[in-house]
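These are the residues of each chain, in order.
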Amino acid sequence: MTNVRIGVMYDRDWAPEGLPGFAREAEALGVDDLWVVEDLGWNGGVSAAAVALGATDRIRVGIGIAPAPLRSPALLAMELATLARVFPGRLVAGIGHGVQEWMAQVGAAARSPLALLEETITSVRALLRGERVELAGREVRLDGVELTHPPVVVPPVVAGVVRARSLELSGRVADGTVITEGHGPRDLEHARALTGKGGATSDHALIVFAFTCVGDDSDAVAEALRPHIEGHGAWLGRPPHEVFTVSGPASGAAEHIRELATAGADTVVLRITGPDPLRQLKAVLEAVGQQKPAIGR
């Protein structure tokens, strides 16, 4: 039985100078993944990934996610290939539509977000495989572009998407799908069905982000999670009580991870809120470690 990977997000609100120390301490605690964020006005995803990779020796680092409208596929492939050559087997590259309001703010709104994402992922994956790419697409044009130093170990390229047509697209063109915070086991079953409709096979990874707060004081946990649940619930169009979290006492948080794994998650990435995130992470990892042989698919 394959065990679920446990990751932790370096939250966008945490200052970038804290990333190296956090990454080292998270690795020492035994976490499998560390994911960095690229949201408009916060930190750069590729540069943050480079910092995290350089500060650690073992863990996998994910970019979650690079907005396709802000990234030239050729330049993104060059950046990813550089990281993958220096840190082979330790990078996952997430690409998504980007928040449309943010893309409009910088004059980068796509005419066809679906076409842009498909053409970006397809061309980036081909470039990383060392192919010479000719593409006259609806949104992307590449005229005989290839990498001089393609990676020896090609990193997986995953799509960070939410809507049905985008999930099908991910199943068709990506190595996996990043599922945003707030989605629970039933959502994962639905996502598996849609990526499968797009052509995903059994090795198409589901990487699930989850709001996390670990503690025995239920009121304090609820208060720490409340702004995240309310804001994200509004974005997803669901009431707060339907926003799934990995929260509560450590044993309960571990059980929530088990539920996600049973529903199809290959990796669960904890977006920790509240005080002392490394203490919370340690508590979850200890609780999962006691049960880990039974967690997974």
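**What about the overall build of the chain?**
Link 1 in the chain: Of the regular secondary structure elements, the chain holds 10 helices and 11 strands.
Link 2 in the chain: Relative to a compact globule of 297 residues, whose C-alpha radius of gyration would be 19 Å, the chain shows 18 Å and is just as compact.
Link 3 in the chain: Reported as C-alpha extents along the three principal axes, the dimensions of the chain are approximately 60 × 40 × 40 Å.
Link 4 in the chain: Buried residues in the chain amount to 54% of all 297 residues.
Link 5 in the chain: Taking as baseline every contact in the chain between residues at least 6 positions apart, the subset at least 24 positions apart corresponds to 73%.
Link 6 in the chain: For the chain, the exposed area adds up to about 12,900 Å²; of that, 52% sits on carbon and sulfur atoms.
Link 7 in the chain: In the chain, 28 side chains carry a positive charge and 36 a negative one; their mean positions are 5 Å apart.

**Considerations on the pairing of strand β11 (residues 267-272)**
Link 1 in the chain: β11 sits mainly inside the fold: 6 of its 6 residues count as buried.
Link 2 in the chain: Relative to β11, strand β1 (residues 5-9) runs parallel, the two being bridged by 4 bridges. The residue of β11 that forms the bridge with Val8 is Leu270.
Link 3 in the chain: Relative to β11, strand β9 (residues 205-214) runs parallel, the two being bridged by 6 bridges. The partner of Phe209 across the bridge, within β11, is Val269.

**A few points about the packing of aromatic side chains**
Link 1 in the chain: What the rule picks out here adds up to 5 aromatic pairs.
Link 2 in the chain: Look at Tyr10 and Trp14: their rings are 5.2 Å apart centre to centre, the planes differ by 80 degrees, and that puts the pair in the edge-to-face class.
Link 3 in the chain: Classification of Tyr10 as buried rests on a relative accessible area of 7%.
Link 4 in the chain: With relative accessibility at 22%, the residue Trp14 sits in the partly exposed group.
Link 5 in the chain: Where Trp14 meets Phe22, the ring centres are 5.3 Å apart and the plane angle is 55 degrees; that geometry is what we call tilted.
Link 6 in the chain: By the ring-pair criterion, three or more aromatic residues cluster together here, those being Tyr10, Trp14 and Phe22.

**Looking at the environment of His232**
Link 1 in the chain: Topologically, His232 is positioned in helix α8 (residues 218-236).
Link 2 in the chain: The exposure class of His232 is buried, given its relative accessible area of 14%.
Link 3 in the chain: Sequence-wise, His232 and Val243 are 11 residues apart; in three dimensions their C-alpha atoms are separated by 7.9 Å.
Link 4 in the chain: With residues up to four places along the chain from it excluded, the contact list for His232 reads Thr180, Glu181 and Phe211.
Link 5 in the chain: For His232, the side chain forms a polar contact with the side chain of Thr180, separated by 3.3 Å.

**Description of the confidence of the model for the chain**
Link 1 in the chain: Taken as a whole, the chain shows an average pLDDT of 94; of its residues, 97% reach a score of 70 or greater.
Link 2 in the chain: When the criterion is pLDDT under 50, residues 290-297 qualifies, and its contacts beyond four places in sequence or with other chains add up to 31 contacts.

**Considerations on the pattern of salt bridges**
Link 1 in the chain: One pass over the full model with this rule turns up 18 salt bridges.
Link 2 in the chain: Of the charged contacts, one joins Glu118 and Arg172 as a salt bridge, the two residues approaching to 2.9 Å between their closest N and O atoms. Of this pair, Glu118 sits in helix α5 (residues 113-128) while Arg172 sits in helix α6 (residues 164-173), and the two are 54 residues apart along the sequence.
Link 3 in the chain: In this structure Glu118 comes out as partly exposed when scored by relative accessible area, which is 25%.
Link 4 in the chain: What makes Arg172 partly exposed here is its relative accessible area of 45%.
Link 5 in the chain: The partner of Glu230 in a salt bridge is Arg226, and the shortest N-O contact between them spans 3.6 Å. In this pair, Glu230 and Arg226 both sit in helix α8, 4 residues apart, roughly one turn of the helix.
Link 6 in the chain: Salt bridges sharing partners connect three or more residues here, namely Arg5, Asp33 and Arg60.

Rules and cut-offs
- Residues numbered from 1 in each chain as written.
- Predicted model: local features only at pLDDT ≥ 70, side-chain atom pairs only at ≥ 80, totals over all residues.
- Heavy atoms only, no water.
- Helix = DSSP H or I, 4+ residues; strand = E, 2+ residues; numbered from the N terminus.
- Rg over C-alpha atoms; globule rule 2.2 N^0.38 Å.
- Buried < 20%, exposed > 50% of the residue type's maximum accessible area, 1.4 Å probe, protein only.
- Contact = heavy atoms within 4.5 Å.
- Areas by Shrake-Rupley, 256 points an atom, 1.4 Å probe, with all protein chains shown as cover.
- Lys, Arg positive; Asp, Glu negative; His and termini not counted.
- Charge placed at Lys NZ, Arg CZ, Asp CG, Glu CD.
- Pairing = 2+ DSSP bridges.
- Phe/Tyr/Trp six-rings, centres within 6.5 Å; stacked < 30°, edge-to-face > 60°.
- Polar contact = N/O pair within 3.5 Å; in protein donor to acceptor, adjacent residues only side chain to side chain.
- pLDDT = per-residue confidence, 0-100.
- Salt bridge = Lys/Arg side-chain N within 4 Å of Asp/Glu carboxyl O.

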